[in-house]
Amino acid sequence: YQMHWPDPDEDVEEAWEEMARLLDEGKVRYLGVSNFTIEHIERVRKIHPPVSLQPPYSMLHREVEDELLDYCGRNEIGVVAYSPIQRGLLTGKFDRARFNALAPDDHRRMSPDFLEPQFSATLELVEDLKKIAERNGRTCAELAISWVLRRPEVTAAIVGARSPQQIIETAPAADWNLGKKEIKQIERLLAKRDAKVKSRIK
């Protein structure tokens, strides 16, 4: 049973107490949190320790690497990462034509990841990621998911699917352990992408 957002902030403890009560009554087996900071986790741990954290994590959003993943590792909190393919951007199938075809009310139209200069820099990044994936007989989506799973703190990655075929295309990523060579290449590409974004903002 998971609390998805610590909002409103002042009610977090009260809500968590109720969730802990359901656990004590045997109505749920485990308690987890999503989109929590370390400070939020520390607050609810005083009531009952969460067994999992569900944060956003992908090549394009690595904020959890700063402190959160290490914290979870130290405290035996499983990490269930969401958005590992960043709303389709890292699948290798997203381009300008697909963006232009999005519905007017599609949330991606307002996301910074799909706006310039990030969008162009990411499309360029994906072209290079495809080469690494193809060299290994894999898809770009598999590469993005496997990259997230490379961290020992990450126990699972949530990948949205709109068809059975998309599941078939992404599930094998769980069995692909990226080698050091690939990881170093990806790190260089990500640094190159970030530099492009900064230069284009100027």
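Residues numbered from 1 in each chain as written. Predicted model: local features only at pLDDT ≥ 70, side-chain atom pairs only at ≥ 80, totals over all residues. Heavy atoms only, no water.

Novice: Where do I start with the packing of aromatic side chains in this structure?
Specialist: This structure, assessed with the given rule, holds six aromatic pairs. Following the ring pairs from residue to residue traces out a cluster consisting of F94, F99, F114 and F119. One cation-aromatic arrangement involves R109 over F99; the distance from NZ or CZ to the ring centre is 5.1 Å. The residue whose ring lies beneath R150 is W147, and the NZ or CZ to ring-centre distance is 3.8 Å. (Phe/Tyr/Trp six-rings, centres within 6.5 Å; stacked < 30°, edge-to-face > 60°. Lys NZ or Arg CZ within 6 Å of the ring centre and 35° of its normal.)

Novice: Would you mind showing me how to read the pairing of strand β4 (residues 78–82) here?
Specialist: Side-chain direction in a regular strand flips from residue to residue, so the side chains alternate between the two faces of the sheet. Burial analysis of β4 places four of its five residues in the buried class, which makes it a mostly covered element. In this fold, the crossover linking strand β3 (residues 52–54) to β4 by way of helix α3 (residues 68–74) has right-handed handedness. (Buried < 20%, exposed > 50% of the residue type's maximum accessible area, 1.4 Å probe, protein only. Helix = DSSP H or I, 4+ residues; strand = E, 2+ residues; numbered from the N terminus. Right-handed = clockwise from strand over helix to strand, strands pointing away.)

Novice: Quick question: what am I supposed to make of the environment of V28 here?
Specialist: If you trace the backbone, V28 turns up in the loop between α1 (12–24) and β2 (32–34). Sequence-wise, V28 and A174 are 146 residues apart; in three dimensions their C-alpha atoms are separated by 27 Å. Residues contacting V28, with those up to four places away along its chain left out, are Y1, M19, L22 and L23. (Contact = heavy atoms within 4.5 Å.)

Novice: Even after reading the chapter, I still don't get the packing of helix α5 (residues 118–135) against helix α8 (residues 180–201), so can you show me in this structure?
Specialist: Each pair of packed helices can be described by the angle between their axes along with the distance between the axes. Where α5 meets α8, the axes come as close as 9 Å, and the angle between the chain directions of the two elements is 165 degrees. The angle between α5 and α8 falls in the class roughly antiparallel. Crossing of α5 against α8: the hand is right-handed. On α8, the residues that touch Q118, S120, A121, T122, E124, L125, D128, L129, I132 and R135 of α5 are E182, Q185, I186, L189, L190, K192, R193, K196, V197 and R200. Residue composition of the contact of α5 with α8, by class: eight nonpolar, four polar and eight charged. (Axes fitted to C-alpha atoms, helices over the stretch in contact; angles between N-to-C directions. Parallel < 35°, antiparallel > 145°, perpendicular 65-115°, else oblique. Left-handed = near helix turned anticlockwise from the far one by under 90°. Nonpolar A, V, L, I, M, F, W, Y, C, P; charged D, E, K, R; others polar.)

Novice: Help me out: how do you make sense of the layout of surface pockets in this one?
Specialist: Left-over empty space is what a probe sized like a water molecule reveals as it rolls over the atoms. Reported here for the largest pocket is a volume of approximately 560 Å³. Every residue lining the largest pocket is counted, 24 residues in all, and those nearest its centre are I85, R87, G88, T91 and G160. Secondary-structure elements contributing two or more residues to the lining of the largest pocket are α6 (140–149) and α7 (164–170). With three residues, α7 is the single largest residue contributor to the lining of the largest pocket. (1 Å grid on protein atoms, 1.4 Å probe; cavity = no way out; pocket = protein on both sides within 12 Å on 5 of 7 lines; lining within 4 Å. Points joined across faces, edges and corners; volume = space filled by probe spheres on them.)

Novice: Help me understand unusual backbone geometry in this model?
Specialist: The bulk of non-glycine residues show a negative phi, and the bulk of peptide bonds are trans. The linkage connecting D7 with the following residue, P8, adopts the cis geometry, with an omega of 0 degrees. Mapped onto the fold, P8 is located in the loop between β1 (2–3) and α1. Going from E116 to P117, the amide bond is cis rather than trans, its omega being 5 degrees. For P117, the position within the fold is in the loop between α4 (96–100) and α5. Of note, the phi angle at R87 is positive, near 55 degrees, even though the residue is not glycine. With respect to the element layout, R87 can be found in the loop between β4 and α4.

Novice: Honestly, the sheet that holds β1 in this entry has me stumped. Any pointers?
Specialist: In a beta sheet, neighbouring strands are held together by backbone hydrogen bonds and run either parallel or antiparallel to one another. Judged by pairing direction, the sheet is parallel, and its five strands sit side by side in the order β1-β2-β3-β4-β5 without closing on themselves. Strands at the two margins of the open sheet, each flanked by one partner only, are β1 and β5 (154–158). (Pairing = 2+ DSSP bridges.)

Novice: Can you help me understand a negative patch on the surface in this one?
Specialist: A contiguous patch of negative charge, built from D7, E10, D11, E14 and E17, is present on the exposed surface. By secondary structure assignment, the location of D11 is in the loop between β1 and α1. Taking the relative accessible area as the measure of exposure, D11 reaches 35% and is therefore partly exposed. (Patch = residues over 30% accessible without salt bridge, like charges linked within 9 Å, V, L, I, M, F, W, Y side chains within 5 Å. Areas by Shrake-Rupley, 256 points an atom, 1.4 Å probe, with all protein chains shown as cover. Salt bridge = Lys/Arg side-chain N within 4 Å of Asp/Glu carboxyl O. Lys, Arg positive; Asp, Glu negative; His and termini not counted. Charge placed at Lys NZ, Arg CZ, Asp CG, Glu CD.)

Novice: What is the right way to look at the pattern of salt bridges in this model?
Specialist: A side chain with one charge can pair with a side chain of the opposite charge if their charged atoms come near. Applying the stated criterion across every chain yields a total of 21 salt bridges. Between E187 and R62 there is a salt bridge whose closest N-O contact spans 2.9 Å. Of this pair, E187 sits in helix α8 while R62 sits in the loop between β3 and α3; the two residues are 125 residues apart in sequence, bridging distant segments of the chain. Two residues, D194 and R193, come together in a salt bridge whose shortest N-O distance is 3.3 Å.

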